[in-house]
Amino acid sequence: MTGVLPIALEEATKAVQALLLSGKEYVCVMRLHAETPEDRIKSVLEEFRGTIYQRPPVRASVSRRLRQRRIYDLNLLETDGKNVLFKVGCQAGTYIRKLCHDVGEVLGCGAHMRELRRTRAGPFAEGEGLMNLHEISYLYGLWRETQDESFPRKFINPMEKALELLPKIFIRDSAVDALCHGASLAAPGVLSLDTEIETNDAVAVFTQKGEAVALAKALASTEQILKMDHGFVAKSQRVLMPRGVYPKAWRGAL
Amino acid sequence: MQSAKVPWEVERKLVVKAEEETDPRFGHRPEERPVQGYVRFGVINLDKPAGPSSHEVTAWVKRILDAKKAGHGGTLEARAQA
């Protein structure tokens, strides 16, 4: 098993972009090409914290330009001869195989990735309801057979879970359907919002019941939005809620 | 400015701009969504088996759950276990 791979279903696939851009965490076994003292391995790993430069591998599905990636955290867990177990928290799009190679270069002896397990993809973590294919198929079968609604709730997360790490804006019932039709969010529709939102930040727009309405781009900061009584505060990027769940309330709707 | 903090450890605070009650006739809290909506608005936290590609595994989940569409949230290398 190689770890956390969130899979969005049907309408929830629209929210997948939030996951593609979220940070990941891995546990990795790196194989060194020569015996190396543990304190030296430790100090070299620490050098890779912060911003690193990576050229995507030859068989990667992205452009092979040198790019910057953020390593939030990198910790040695254990060594056993030439095998090094470490844990890394990193920005989306960091290649761990490449990271191992580069650590080997700095150590001077060379190294390669031997085993990798993803322990987190954004809000989805290993300890929180991770299911294998067998369990999913089994629970789905039980659900179909018994019609007991507690089964799907055991293995399917609401799509809102995927947006958990984004800054949020909660809006009035009357503002919901306009967003579902692709409109931008206007200041009077806002009821509450997270602190520290900056202009151009990716945000998620929610109903008061906590349903996802849209992924959006903030057009103002938290402080500015709190003071605004007209004008647009967020531009919708991806509508997540179908039209017609909430009533049309904008001018001219009737 | 990029925060030095790990993104999943950032704590956010909610500030209130205006108060209003929500009308219970429209929509549902996600955890109370009618069961037909569970697959339609659902995300699976899958422990990917080693071997098949992320794409292949996604297609299997789609078939198992009889879903119309499925997409994964970030490729995991097929041969991550050597």
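Undergrad: A description of the pairing of strand β2 (residues 24–32) of chain A should follow, citing residues and the corresponding values.
TA: Residues and elements named next belong to chain A. Strand direction decides the pairing type here: β2 and strand β5 (residues 83–90), joined by eight bridges, are antiparallel. If you follow Val29 over to β5, its bridge partner there is Leu85. Examined bridge by bridge, β2 and strand β6 (residues 111–121) share nine bridges and lie antiparallel to one another. For Leu32, the partnering residue across the bridge sits in β6 and is Ala111.

Undergrad: Provide a residue-level description of the confidence of the model for chain B, including the pertinent values.
TA: Detail in the predicted coordinates should be disregarded across regions flagged by low pLDDT. Per-chain confidence: chain B averages 89 in pLDDT, with 90% of residues scoring 70 or above. Here the prediction assigns the complex a pTM of 0.91, and the interface score ipTM is 0.91.

Undergrad: Go over helix α6 (residues 173–180) of chain A with me, naming the residues and quoting the values.
TA: Residues and elements named next belong to chain A. The buried fraction of α6 amounts to six of the eight residues, a majority that puts the element mostly inside the structure. When we look at burial in α6, the residues that qualify are Asp173, Ala175, Val176, Asp177, Ala178 and Leu179. As for α6, its buried residues are in contact with β9 (168–171), β10 (185–186), β12 (202–206), β13 (212–218) and β14 (232–239). Trailing α6 by a residue or two, Gly182 shows a phi angle of about 95°, which is positive.

Undergrad: Let's hear about the sheet that holds β14(A): which residues, and what values?
TA: Pairing is mixed in the open sheet, where seven strands are placed in the order β10(A)-β14(A)-β13(A)-β12(A)-β9(A)-β11(A)-β1(B). Every interior strand has two partners, whereas the edge strands, β10 of chain A together with β1 (14–16) of chain B, have only one. Relative to β12(A), β9(A) is paired through three bridges, and the arrangement is parallel. Across the sheet, the residue bridging to A:Lys168 is A:Ala204, located in β12(A). Of the strands in this sheet, β9, β10, β12, β13 and β14 of chain A touch α6(A), which is tilted by about 75° from β13(A).

Undergrad: Can you lay out the nonpolar core for me, pointing to particular residues and giving the numbers?
TA: Residues and elements named next belong to chain A. Grouped together as the largest cluster of nonpolar side chains are 61 residues, with contacts concentrated most on Ala8, Ala15, Ile171, Leu185, Val205 and Val213. If we skip the residues at most four places from it in the chain, Leu185 touches Ile169, Ile171, Ala175, Leu179, Val190, Val205, Ala216, Phe232, Val233 and Ala234. Counting residues in each nonpolar core, the second largest holds 19 residues, with Tyr72, Phe86, Ile96 and Leu99 among its members.

Undergrad: Give me the interface of chain B and chain A: which residues, what numbers.
TA: Counting residues at the interface gives 55 residues for chain B and 71 residues for chain A. Contributions of two or more residues to the side of chain B that touches chain A are made by β1, α1 (36–40), β2 (42–48), α2 (54–64) and β3 (70–72) of chain B. If one sorts the elements of the side of chain B that touches chain A by residue count, β2(B) sits on top with seven residues. Taken together, the residues of the side of chain B that touches chain A sort by class into 28 nonpolar, 13 polar and 14 charged. Across three bridges, strand β11 (residues 190–194) of chain A lies against β1(B) in antiparallel orientation. Residue pairing in the sheet places A:Leu193 in a bridge with B:Val15 of β1(B).

Reading the values: the criteria
- Residues numbered from 1 in each chain as written.
- Chains lettered and ligands numbered in written order.
- Predicted model: local features only at pLDDT ≥ 70, side-chain atom pairs only at ≥ 80, totals over all residues.
- Pairing = 2+ DSSP bridges.
- Helix = DSSP H or I, 4+ residues; strand = E, 2+ residues; numbered from the N terminus.
- pLDDT = per-residue confidence, 0-100.
- Buried ≥ 20, exposed ≤ 12 C-beta atoms within 10 Å, placed from the backbone.
- Contact = placed C-beta atoms within 7 Å.
- Axes fitted to C-alpha atoms, helices over the stretch in contact; angles between N-to-C directions.
- Core = buried A, V, L, I, M, F, W, Y, C linked by C-beta atoms within 7 Å.
- Nonpolar A, V, L, I, M, F, W, Y, C, P; charged D, E, K, R; others polar.

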